[in-house]
Amino acid sequence: MSKRRMENPKPTTQRSVKQEDHRHSNIAKEVDEQDTKGQFYMWLAVALAIVLAGASYYVSGFYTTSTTVVPESYAVCGHSSGKIYTVDNAQPNVDCLLIHKNEIRETGTADDIREYWDGYQNEVIKKFYGNEPKAKKPLVTFHLKPGSIIVPGLADAHAHLIPYGFKMQLQLDNVGSLDELLDILEQYVHEHPEVHEKPGTWVQGMGWDQTRWADWSGEFPTAAHLSSRKNLENLPISLSRVDGHALWVSPRALELTKEQLPGQQWPSDDEVNGGEIIRNSAGDPTGVFVDNAMALVNAPAWSYEQKASYLELATQDALSYGLTSVHDAASTPDIIEVFKSFADEGRLPIRVYAMGNSENASYWGGSIPLLEDYGQDERLNLKSVKLYTDVHEKHFLTIITGALGSWGAALLEAYSDKPDTSGIMRVSPDSLKDMVEKFWEDGWGINIHCIGDRANKVVLDVFESVLTEESIKTGEDVRSIAARRRPRIEHAQIMREEDLQRAGRLGVITSVQPTHATSDMWYAETRLGPKRIKGAYAYQTLLQSSPANILPLGSDFPVEGINPLLGFYAAVSRLDVRGESPHGSDGWYPSEKLTRAQALKGMTLDAAYASFAEDRLGSLVPGKKADYVVLDRDIISDETPVDEILKTVVQATVIDGKIAFGGL
């Protein structure tokens, strides 16, 4: 890592002078904040808290074992030199950080930190203690365990917090067969007797993937499968596919759905705009609804209490894996209210960058709040929107195209393994352009879900149009406008080779999920063929085409796992967790691997840039928020075998300078 220089996006570089001024003004500023009596009691309380917690630190040469409590000011140092990876081009590796309250105040060697602290203490005693040297306060310094490293707080640039909590209450993503899935459902029903006892109760879950089942040819399952066990028959069951693009329901759920349809008649294929009802030879639904057709299934909505419990579970899991920031991709008004309540009460333990979303078919920009550093801890932001179809969508993923696994991604040509379809475009190009122009005019950041090459082309056409129109009006060049407005394509999964370059030329941010590549690689080329696959999951190409070398990384959890190091591993290895790929141990299309430095930047500084926050998040430099993670091994060093990444343990997650998970 020390031999490799990370390139920061230009907006961060332009602010480096401000950060330097901030560094030199802090001593005088903090002296003015001092109160002698308050300082005495603060340090007394800190000392007591550290003793009670069993602290791990050096103070005047003394060392103990571990702590979950830190004082207002402290330093943290690596066990050996350069084991703090800052993601700062000017100083990629440092030995120590000095933290005050919720900010980083200094970085460098231990001598640098001591010099800064001594200068600060000299000013304090001069103003408050008659320049008495004995009044100087020692600096509490925490030292990492051997082998451990510090990286900036990790961010997931595309995820779904509340749906993750929902998914975890009935986990279906790791099942290897239909029988195993039915076993899990039976166990769930046994543990939740209200399913049988309380009328109107549905069994709802997420995560099935028929492409992973043993002894299964890959086709969709049917409603009959969900009633094949005695304990499941007559129950309304609704299960979302792992990608959120297909809904599998039981016979009883089919009956209840049909009863609430106009005339109790299933709509024709032509009447399902942007979706599909899977039917048998007689034209009757088999039990699977794809994309917009999912809205036909009227399962009970989650209550506020359920959503709150799902959010609490998701944020705690996020902290345990080192996530300090999450971009919530499709925050509908009801979800925004949960976020706001948590933020108001100081219960939001991570930073949330919400992308507003709505089921309203007409322009809804005025129906969601613009939030900036909202809440007691200033951790909630809502500055952008996630666009979706012009059809009402009741599923949590409101998007404009489907997924590759369910043949729903909109392609320019038919699927290679299913030539009767080219996927589903859930919004017309004209409707999308009209919506984008309205949000653009109102100043919202715009993020649009695109998987197939047709969808990506349409969205790039729209972005190019609005960027060009603004350039003509203002005289500003297109890239400068894009750097200011930060239009994003979410997924950018399958693109024409010319569109890979066009995204960079326009300055459009492509937000990608590396674990999608390693999940899909076993069937992606069969779906797409040898030509189209060259423009798919092309992460290194996208990074190099970006004018500021920006490539935010996410997971799309709960579609994939919440652990960001799964994405880090997938990005740098192009292997699955077994160390395998269709192309062998060197990875699937290895030329598209990211370096470890690039991957770290993608899930820290690039994610911050994509959320308008690179001036305060994403790297460990003076003046930025003190968000960092302690890992038990050096996964950034190329000397560490790639399979060691998956064994990595998060020892501590720190937000605003305070330990939110684990201990130092």
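To start, this report covers the structure provided alongside it. Everything numeric here is computed off the predicted structure, so don't read it as measured data.

**Some details on the overall build of the protein**
A tally of helices and strands in the protein yields 21 helices and 25 strands. When each of the 664 residues of the protein is scored for burial, the buried share is 59%. A separation of at least 24 residues holds for 72% of the contacts in the protein among residues at least 6 apart in sequence.

**Observations concerning the packing of aromatic side chains**
Inspection of every chain in the model, using the stated rule, returns 16 aromatic pairs. Plain terms: the ring middles of F166 and W302 are 4.7 Å apart, the flat faces sit at 40° to each other, and that makes the pair tilted. Within this pair, whereas F166 is found in helix α5 (residues 161-168), its partner W302 is found in the loop between β15 (285-291) and α10 (304-320), the two being separated by 136 residues in sequence. Taking the relative accessible area as the measure of exposure, W302 reaches 21% and is therefore partly exposed. Counting every residue linked through ring pairs, the aromatic cluster contains W208, W213, W216, F220, W248 and W407. Of note, R486 hangs over the ring of Y609, and the distance from its end group to the ring centre comes to 3.9 Å.

**Observations regarding the sheet that holds strand β13 (residues 246-249)**
The five strands lie next to each other as β11-β12-β13-β15-β14, forming an open sheet whose pairing is mixed. Taken across any chain shown, the strands that pair with only one partner, and hence form the sheet edges, are β11 (203-208) and β14 (275-279). Strand-to-strand, the axes of this sheet are offset by a mean angle of 25°, without reference to chain direction. Here three bridges tie β13 to β15, and the two strands are oriented antiparallel to one another. Following the sheet pairing, W248 is matched in β15 by V288. Sheet contacts for helix α6 (residues 178-191): β11, β12 (237-241) and β13; angle to β11, the most-contacted strand, approximately 150°.

**Quick word on the layout of surface pockets**
If you add up the space inside the largest pocket, you get close to 980 Å³. Along the wall of the largest pocket there are 38 residues; nearest its centre are D173, N174, R212, S519 and E560. Elements that contribute at least two residues to the lining of the largest pocket include exactly α5, α16 (514-520) and α19 (564-573). Classifying every residue of the lining of the largest pocket gives 17 nonpolar, 11 polar and 10 charged.

**Comments concerning the environment of F289**
Mapped onto the secondary structure, F289 falls in strand β15. We classify F289 as buried; its relative accessible area is 0%. Taking C-alpha positions, F289 is 9.5 Å from S240, a pair spaced 49 residues apart along the chain. Every residue in contact with F289, bar those within four places of it in the chain, is listed here: H245, A246, L247, V249, L254, W266, E276, I277, M294, L296 and V297.

**Observations regarding the state of the cysteines**
Taken as a whole and judged by the stated rule, the model has one disulfide. For C77, the disulfide goes to C96, at an S-S distance of 2.1 Å. Judged by the sign of its S-S torsion, about 110°, the cystine formed by C77 and C96 is right-handed. Of this pair, C77 sits in strand β3 (residues 73-77) while C96 sits in strand β6 (residues 96-100), and the two are 19 residues apart along the sequence. The residues C77 and C96 share a single accessibility class, namely buried.

**Remarks on the packing of α5 against α10**
Running from N to C, α5 and α10 cross one another at 95°; their axes reach a closest spacing of 7 Å. Compared by their axis directions, α5 and α10 come out roughly perpendicular. Only K307, Y310, L311, L313, A314 and D317 of α10 make contact with α5, whose side of the interface consists of L161, I162, Y164, G165, F166 and M168. Classifying every residue of the contact of α5 with α10 by side-chain character gives nine nonpolar, one polar and two charged.

**Structural notes on the nonpolar core**
Formed by 111 residues in total, the largest nonpolar core has its most connected members in L387 and F568. In terms of residue count, the dominant contributor to this core is helix α13 (residues 453-474) (eight residues). The contact partners of F568, leaving out residues within four places of it in the chain, are R596, A599, L600, M603, I635, I636 and I645.

**Here's the deal with the pattern of salt bridges**
Scanning the model with the defined rule gives 45 salt bridges in all. Between E312 and R347 there is a salt bridge, with the nearest N and O atoms lying 4.0 Å from each other. Taken as a pair, E312 in helix α10 and R347 in the loop between α11 (333-344) and β17 (351-356) lie far apart in primary sequence, 35 residues in all. Among the residues examined, E312 registers a relative accessible area of 43% and is labelled partly exposed. Judged by its relative accessible area of 38%, R347 falls in the partly exposed class. A salt bridge links E580 to R578; the nearest nitrogen and oxygen atoms lie 3.7 Å apart. The class of E580 is partly exposed, set by a relative accessible area of 37%. On the basis of relative accessibility, which here comes to 58%, the residue R578 falls in the exposed class.

Procedures and definitions
- Residues numbered from 1 in each chain as written.
- Predicted model: local features only at pLDDT ≥ 70, side-chain atom pairs only at ≥ 80, totals over all residues.
- Heavy atoms only, no water.
- Helix = DSSP H or I, 4+ residues; strand = E, 2+ residues; numbered from the N terminus.
- Buried < 20%, exposed > 50% of the residue type's maximum accessible area, 1.4 Å probe, protein only.
- Contact = heavy atoms within 4.5 Å.
- Phe/Tyr/Trp six-rings, centres within 6.5 Å; stacked < 30°, edge-to-face > 60°.
- Lys NZ or Arg CZ within 6 Å of the ring centre and 35° of its normal.
- Pairing = 2+ DSSP bridges.
- Axes fitted to C-alpha atoms, helices over the stretch in contact; angles between N-to-C directions.
- 1 Å grid on protein atoms, 1.4 Å probe; cavity = no way out; pocket = protein on both sides within 12 Å on 5 of 7 lines; lining within 4 Å.
- Points joined across faces, edges and corners; volume = space filled by probe spheres on them.
- Nonpolar A, V, L, I, M, F, W, Y, C, P; charged D, E, K, R; others polar.
- Disulfide = S-S within 2.5 Å.
- Parallel < 35°, antiparallel > 145°, perpendicular 65-115°, else oblique.
- Core = buried A, V, L, I, M, F, W, Y, C linked by side-chain atoms within 4.5 Å.
- Salt bridge = Lys/Arg side-chain N within 4 Å of Asp/Glu carboxyl O.

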